[in-house]
Amino acid sequence: MGRADFLAKERISLIFQTREKGKVVIVSGKRNQNRSGLLAIVFKVGFLICVLVLCAQVFVEPGHAVGDHRYILTGELRDSLDQPVAGAKIAAWNTDQSEALAETESRSDGSWSLSMDAIPDQSMEIRVERSHYLPQSTTLDRAKMADLRDSGLYYIETIQLERKIDTSFWIATAVFLAVLLLIGFEFLHSATAALAGISTLLLVSYIGGGYNPGLRIFSFEQAIGYIDWEVIFLLIGMMIIIAILEGTGIFQWMAFQAYRLSRGRSWLLVIILMAITVVASALLDNFTTMLLMVPISLQIGMALGINPLALIIPEVLSSNVGGISTLVGTPTNILIGANAGIGFNDFLANQTVGVLIALVVMGAYVLYHYRDEWKKRTGGISPALYAKLEQNAEIENQGDLWKAMIVFGLVFMGFVLGESVYLVPAISAIAGATILLIWLNPDINKMIMAVDWTTLVFFMALFMVVGAIQEVGLINFIAGWMSRIVGDNLTLGIFLVVFGVGTLSTVVANIPLTASMLPIVRILTKSIPGAQSLVLYYALSMGAAMGGNGFLIGGEANLVTAGITNQTDYPISFKEFLKVGLPVTYLTLTVGFIWLLIRF
Amino acid sequence: MVTILCPTRGGKESHPNQDFAVQLAKERSAALLFLYVSDIQFLKRAGPAIVVDIQEEMAEVGDFLLSMAQERAEKAGVSASTVVRSGLFRDVLCEVIAENEIDTVVLGSASQESGLVSLEHLQQLSEELSQELDVKFILLQDGIQVFSVGT
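Below, the structure is looked at part by part. Just so it is clear, the structure is predicted and the values come from calculations on it, not from any experiment.

**A closer look at the overall build of chain A**
Then comes step 1: Secondary structure summary: chain A contains 25 helices and 8 strands in total.
Then comes step 2: Looking at the 600 residues of chain A, the share that counts as buried comes to 53%.
Then comes step 3: Counting contacts in chain A only where the partners sit at least 6 residues apart, residues at least 24 apart contribute 74% of the total.
Then comes step 4: On chain A, roughly 26,400 Å² of surface is accessible, and the fraction owed to carbon and sulfur atoms is 63%.

**Brief notes about the overall build of chain B**
Then comes step 1: Across its full length, chain B holds 4 helices and 6 strands.
Then comes step 2: Ordered by position from N to C terminus, the α and β elements of chain B give β-α-β-α-β-α-β-α-β-β.
Then comes step 3: Looking at chain B as a whole, 48% of its 151 residues are labelled buried.
Then comes step 4: Partitioning the intrachain contacts of chain B with sequence separation of at least 6 by distance along the chain shows that 68% fall at a separation of at least 24.
Then comes step 5: If you sum the accessible surface of chain B, you get close to 7,100 Å²; carbon and sulfur atoms cover 46% of it.

**A closer look at the interface of chain B and chain A**
One frequent convention defines the size of an interface as the accessible area lost when the parts assemble.
Then comes step 1: On the side of chain A, 36 residues touch chain B, which itself brings 34 residues to the contact.
Then comes step 2: The tally of links between chain B and chain A comes to 2 salt bridges.
Then comes step 3: The shortest N-O distance in the salt bridge between Asp63(B) and Lys388(A) comes to 3.0 Å.
Then comes step 4: Linking chain B with chain A are 10 residue pairs in polar contact (both at pLDDT 80 or more), by the criterion used here.
Then comes step 5: At the level of secondary structure, the elements contributing two or more residues to the side of chain B that touches chain A comprise strand 2 (31–38) and helix 2 (54–75) of chain B.
Then comes step 6: In terms of residue count, helix 2 of chain B provides more of the side of chain B that touches chain A than any other element does, 12 residues in total.
Then comes step 7: Residue composition of the side of chain B that touches chain A, by class: 17 nonpolar, 7 polar and 10 charged.

**Comments concerning the pattern of salt bridges**
Then comes step 1: What the rule picks out here adds up to 14 salt bridges over all chains.
Then comes step 2: Here Lys376(A) and Glu373(A) are joined by a salt bridge, their closest N and O atoms 3.0 Å apart.
Then comes step 3: Each of Arg85(B), Glu95(B) and Glu99(B) takes part in one network of salt bridges that share partners.

**Some words on the sheet that holds strand 2 of chain B**
Residue and element names in this part refer to chain B.
Then comes step 1: One open sheet holds the 6 strands; their spatial order is 3-2-1-4-5-6, and the pairing between them is mixed. Each edge of the sheet is formed by a strand with only one pairing partner; in this case those strands are strand 3 (80–86) and strand 6 (144–149). Averaged over all pairs of adjacent strands, the angle between strand axes in this sheet comes to 25°, irrespective of strand direction.
Then comes step 2: Pairing of strand 2 with strand 3 involves 7 bridges; the strand directions are parallel. Residue pairing for strand 3: Tyr-36 is matched across the bridge by Val-84.
Then comes step 3: In the packing of helix 4 (residues 119–133) onto the sheet, the strands contacted are strand 4 (104–109), strand 5 (136–141) and strand 6, and the crossing angle to strand 5 comes to about 170°.

**Section: the packing of aromatic side chains**
Residue and element names in this part refer to chain A.
Then comes step 1: Applying the stated criterion across every chain yields a total of 19 aromatic pairs over all chains.
Then comes step 2: Taking the centre distance of 5.9 Å and the plane angle of 85° together, the rings of Phe-347 and Tyr-538 count as edge-to-face. Of this pair, Phe-347 sits in helix 13 (residues 344–369) while Tyr-538 sits in helix 23 (residues 535–546); the two residues are 191 residues apart in sequence, bridging distant segments of the chain. Accessibility assignment for this pair places Phe-347 and Tyr-538 in one class, buried.
Then comes step 3: An aromatic cluster of at least three residues, connected via ring pairs, comprises Phe-344, Phe-408, Phe-412 and Phe-415.

**Details of the packing of helix 12 (residues 331–340) of chain A against helix 23 of chain A**
Residues and elements named next belong to chain A.
Then comes step 1: Interaxial distance between helix 12 and helix 23 falls to 10 Å at its minimum, and their mutual angle equals 170°. Here helix 12 lies roughly antiparallel to helix 23, going by the angle between them. Crossing of helix 12 against helix 23: the hand is right-handed. Counted together, Thr-332, Asn-333, Ile-336, Asn-339 and Ala-340 of helix 12 and Tyr-537, Leu-540, Ser-541 and Ala-544 of helix 23 form the full contact between these two elements.
Then comes step 2: Taken together, the residues of the contact of helix 12 with helix 23 sort by class into 5 nonpolar, 4 polar and no charged.

**A short note on a negative patch on the surface**
Then comes step 1: Together, Glu390(A), Glu394(A), Glu396(A), Asp53(B) and Glu56(B) make up a region of like negative charge exposed at the surface.
Then comes step 2: Position of Glu394(A) among the secondary structure elements: in the loop between helix 15 (383–392) and helix 16 (398–418).
Then comes step 3: For Glu394(A), a relative accessible area of 48% gives the class partly exposed.

**Topic: the pairing of strand 2 of chain B**
Residues and elements named next belong to chain B.
Then comes step 1: Along strand 2, 7 of the 8 residues are buried, which leaves the element largely enclosed by surrounding structure.
Then comes step 2: Alignment of strand 1 (residues 3–7) against strand 2, held across 5 bridges, turns out to be parallel. Along strand 2, the bridge assignment pairs Thr-3 with Ala-31.
Then comes step 3: With helix 1 (residues 15–28) bridging strand 1 and its parallel neighbour strand 2, the resulting β-α-β unit is right-handed.

**A look at the environment of Ile54(B)**
Then comes step 1: Relative to the assigned elements, Ile54(B) resides in helix 2.
Then comes step 2: Along the backbone, Ile54(B) and Glu101(B) are 47 residues apart, and their C-alpha atoms lie at a distance of 30 Å.
Then comes step 3: Among all residues touching Ile54(B), those that are not within four sequence positions of it are Leu291(A), Pro295(A), Ile564(A), Ile40(B) and Leu43(B).

**Observations regarding the sheet that holds strand 3 (residues 100–105) of chain A**
Residue and element names in this part refer to chain A.
Then comes step 1: Strands sit in the order 3-2-5-6 across an open sheet of 4 strands; the sheet is antiparallel. The sheet terminates laterally at strand 3 and strand 6 (136–140), the two strands that pair on one side only. Along the sheet, successive strands turn relative to each other by an average axial angle of 20°, direction set aside.
Then comes step 2: As paired elements, strand 5 (residues 124–129) and strand 6 share 5 bridges and run antiparallel to each other. Residue pairing for strand 6: Glu-125 is matched across the bridge by Thr-139.
Then comes step 3: Contacts between helix 3 (residues 142–151) and the sheet are confined to strand 5 and strand 6, with strand 6 contributing the most and set at about 75° to the helix.

About the criteria used
Residues numbered from 1 in each chain as written. Chains lettered and ligands numbered in written order. Predicted model: local features only at pLDDT ≥ 70, side-chain atom pairs only at ≥ 80, totals over all residues. Heavy atoms only, no water. Helix = DSSP H or I, 4+ residues; strand = E, 2+ residues; numbered from the N terminus. Buried < 20%, exposed > 50% of the residue type's maximum accessible area, 1.4 Å probe, protein only. Contact = heavy atoms within 4.5 Å. Areas by Shrake-Rupley, 256 points an atom, 1.4 Å probe, with all protein chains shown as cover. Salt bridge = Lys/Arg side-chain N within 4 Å of Asp/Glu carboxyl O. Polar contact = N/O pair within 3.5 Å; in protein donor to acceptor, adjacent residues only side chain to side chain. Nonpolar A, V, L, I, M, F, W, Y, C, P; charged D, E, K, R; others polar. Pairing = 2+ DSSP bridges. Axes fitted to C-alpha atoms, helices over the stretch in contact; angles between N-to-C directions. Phe/Tyr/Trp six-rings, centres within 6.5 Å; stacked < 30°, edge-to-face > 60°. Parallel < 35°, antiparallel > 145°, perpendicular 65-115°, else oblique. Left-handed = near helix turned anticlockwise from the far one by under 90°. Patch = residues over 30% accessible without salt bridge, like charges linked within 9 Å, V, L, I, M, F, W, Y side chains within 5 Å. Lys, Arg positive; Asp, Glu negative; His and termini not counted. Charge placed at Lys NZ, Arg CZ, Asp CG, Glu CD. Right-handed = clockwise from strand over helix to strand, strands pointing away.

In structure tokens, the structure reads:
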């Protein structure tokens, strides 16, 4: 019991230390109050103390108040994949009586502690219950009871809970698959599909669960708990900044400069345009990037006398890959970053080189694929058309552009430097958006409308739907299955995540796919030796983004690009996209996989 | 003076149809009007919010495409004017025909590979509108007349 003893005592001493510190804060507050005598300061200090005390009350988890009790039992709950089980009810029972001696709930790390004033002489039963798990119990025999009586503390070895497959498991799984299908086949808008999913799950839980406990999936509070608010606020901040930046016309201007610089050499032009798209998509979302790049690229392509698709398809492929190197480059990276605690600098350090190599390989492939286009030469365009093109690519408001660039720079400094002071990216983004709103003073209603509430609602509903399959254990089953395949082989794990997610992402929308894969990757990261470097999260990031290049339906950016080009004589057909996209997908996935093996 | 309307999407596939309209205008000493219609309905199904003024961007694309067509007509000795509109093609076509007292509409169907609108669909549209608006419709495929309807 040596290690167990130590662990338990360590926990308890921490609790006492915290309580001591709490007292010191209050006493020093009162001293300030006497010394200053200023009413305003007294009021402020008093208010602050009240807030601190209230916060302390709110954030103390159940089962912490152990100082007044004579006997303390502690332990840990784990599932079959050695993951902590939170929210389980643990009760100590006198084996002779029908009443619980004490009850508590397991914390987020699976630990729990029971405090009692009195204990039975002979034996005691510890019962553990949690929805979606089989109930478990363990008995403290006479010897263990003697230990507890002597030292006042006993650490019970880890209790393993087994998952239970009941009706709620199948309902949550069916609803989750239905949401994916509704989104995939565009029967419903993604946000509507996710909302329909969470509504169904909650209605089944509350209405059905009242009649049959096996139908209870989770409570509303538990569902809300699955929403990642850091992701939501980061998206809101970035959406406001993007709305201001895109209105300046900077990316169209850059595309026109590329046309000028290339002097009719279309192979050089496509490389520069791909580079601009990479930069744009690392800062903006891919959808907005393509809305900005496609119209001007159409005009440039026609001005050069080549098929504009030879410029536009490489651009859309670049936009899907370019965003991988930054935290804010793709919504999937935002999800991964918030979930795994991977910061802006981590993405830059661990992904950028791999992404650049993948882009070089992609560039080489598209140059080869469209080789006939680069040979085409025309006499150029008339001065009138050139002037029109230049006019269409003008920067619209230089003053706003500079201000937006300065704030954008500050936000990025916040992303880079903020990690050292625990400043989460969401705070930098929201602060940047607020500074821009104050500085530029745009119509606030217009700016709030620029925030994509549909996507935010989609994210929130999706988090809850994925939370439901976590709750009922589907994620554990998939992760367990993957663990058995992978075993201790990290290389195989990386391969499976990169190529498995990459292949799925060619047809499944990458946001729900990533949200569903995150809990699986979290479990695999803990179970596969060496995966603690978070390499599987980077594998997920690469797979989800690069896979979007496989088919025309693989990403929103692909579809919006096709939508715009369909307005001209250069529509992108499924086949046309596939011929370039699919080889590029597997080439870049291979580069990404090799890079991760080298890097980690 | 009679006016010929040539709706076009502006790329290389449209050149034979544009040339036909230019030649027709030259033969009849008619005015030539090129029309570009963008329809951004597809964005309604898009997930993300549209922060870009895509309607303006598409108007710029249309303006550029029609300027190219205009230069092409000028080279053939025909002065042409241009109209860029946004909306459903059928509705916009009716509006422009009424506004400009159009005599003949030259509609081109794109080749099979890249065509978004079938020849049959355009034929049906021509028959309906020629009756409704009393306008002649000439239907082409790759610059060759395949159908005509109206006075």
